[in-house]
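Remarks on the overall topology
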Amino acid sequence: MPRLVRPDAVLVQAVIAGALSFAHLHDLAEAAGQHGWKAWAYPVSVDLLLVAAWHRLRSLRDAGEPAGSAWSWFVVALAASLGANVATAGLLDLGDVPDWLRILVAGWPALAFLGGTLLVHRPTPPTGPGTEPDPEPPSTVERATEPGVQANPHPALPAPLPATAVTAPPALVAHAQKIAADHHARTGSAIDTETLRARLGVPSPMAEAIAAQLG
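To start, this report covers the structure provided alongside it. As the structure is a computational prediction, the values presented were derived from the model and not from experiment. Sequence positions are assigned chain by chain, starting from 1 and proceeding in written order. Under the rules for a predicted model, residues below a pLDDT of 70 receive no local features and side-chain atom pairs below 80 are neither given nor counted, while totals for whole chains, interfaces and linings still include all residues. Remark: hydrogens and water are excluded; side-chain values derive from all non-hydrogen atoms of the structure.

Things to note about helix α4 (residues 99-120)
As a reminder, the rule being used: Secondary structure counts use DSSP, requiring at least four H or I residues in a row for a helix and at least two E residues in a row for a strand, with both numbered from the N terminus. Here the expected span of a helix is defined as 1.5 Å times the quantity of residues minus one. Under the scheme applied here, a residue whose accessible area is under 20% of the maximum for its type counts as buried, over 50% as exposed, and between as partly exposed, the area being computed with a 1.4 Å probe on protein chains only. Only heavy atoms enter the contact rule, under which two residues are in contact if any of them lie within 4.5 Å.
With 22 residues, α4 extends 32 Å from end C-alpha to end C-alpha; this agrees with the ideal 32 Å at 1.5 Å per step. Every buried residue of α4 is listed here: L101, V105, W108, A112, G115, G116 and L119. The inward-facing, buried residues of α4 abut α1 (9-31), α2 (37-63) and α3 (68-91).

What follows is the structure, given as structure tokens:
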């Protein structure tokens with residue numbers, strides 16, 4: 001058996017509210033001097049702007065972007081719809097509409113067109129030569145060379161500095177000879193370089209040079 005379609009209370013309420021608002025906007029536009037198809041076009045324009053603003057508002061909120069402009073146009077469309085509902089409730093004489101209301105109704109198409117255009121066409125960042133990324137600087141290896149000269153991929157390392165010979169003063173050598181003789185007399189063996197360096201209090205290169213002179 002086919003399933004029975006049960007009416008949705010929210011959907012029915014939305015249809016009724018939309019129809020009443022549509023009729024109020026039509027009556028107000030007709031009272032303000034817009035007759036024929038123009039009076040029927042005003043409710044469509046207001047409702048479309050309201051739906052477009054709400055859709056744009058949801059999209060901006062989902063994307064995490066500011067939605068101030070969408071809120072502004074949503075309030076404008078809501079004020080136009082709500083204002084028509086209140087105005088046709090007996091608070092306004094539809095047989096003698098004030099001039100300011102006629103001006104608002106006559107200027108609504110231009111305002112709705114501006115709002116719809118701003119809501120539909122989202123601005124995009126400009127693209128041009130000024131926005132292209134800067135080229136990366138050339139590598140230190142790939143450097144420009146003069147015509148006819150081949151670049152050396154393996155640059156020569158600087159030549160090591162010549163070692164400087166360590167020369168011990170004669171007085172220090174004589175003192176080291178006494179220390180070496182005393183060490184030999186006490187231990188019976190020749191003094192080693194590390195012990196000589198510690199006794200003299202000199203750096204290792206100096207101690208090695210003195211030990212070489214002691215033979």
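Let's talk about the packing of aromatic side chains
Defined as follows: The aromatic pairing rule takes the rings of Phe, Tyr and Trp, using the six-membered ring of Trp, and pairs them if the centres are within 6.5 Å, calling planes under 30 degrees apart stacked, those over 60 edge-to-face and the rest tilted.
Applying the stated criterion across every chain, the model contains three aromatic pairs. A ring pair is formed by W71 and F74, whose centres lie 5.9 Å apart and whose planes are at 85°; its orientation type is edge-to-face. Within this pair, W71 and its partner F74 are both found in helix α3, separated by three residues, close to a single helical turn. Taking relative accessible area as the criterion, W71 reaches 40% and is therefore assigned partly exposed. By relative accessible area, which is 16% here, F74 ends up buried. Through successive ring pairs, a cluster of aromatic residues spans W54, W71 and F74.

Section: the packing of α1 against α2
Applied cut-off: To define axes, lines are fitted to C-alpha atoms, for helices over the stretch in contact only, and angles between the resulting N-to-C directions are given on a 0 to 180 degree scale. Note on terminology: angles under 35 degrees are roughly parallel, angles over 145 are roughly antiparallel, angles of 65 to 115 are roughly perpendicular, and the others are oblique. Crossings are assigned a handedness: left-handed for a near helix turned anticlockwise from the far helix by less than a right angle, right-handed for a clockwise turn.
Closest axis-to-axis distance for the α1/α2 pair is 8 Å, and the angle between their directions is 130°. Overall, the two elements α1 and α2 adopt an arrangement that is oblique. For the pair α1 and α2, the sense of crossing is right-handed. Every residue of α2 that contacts α1 at F22, L25, H26, A29 and E30 is listed here: A39, W40, Y42, P43, V44, V46 and D47.

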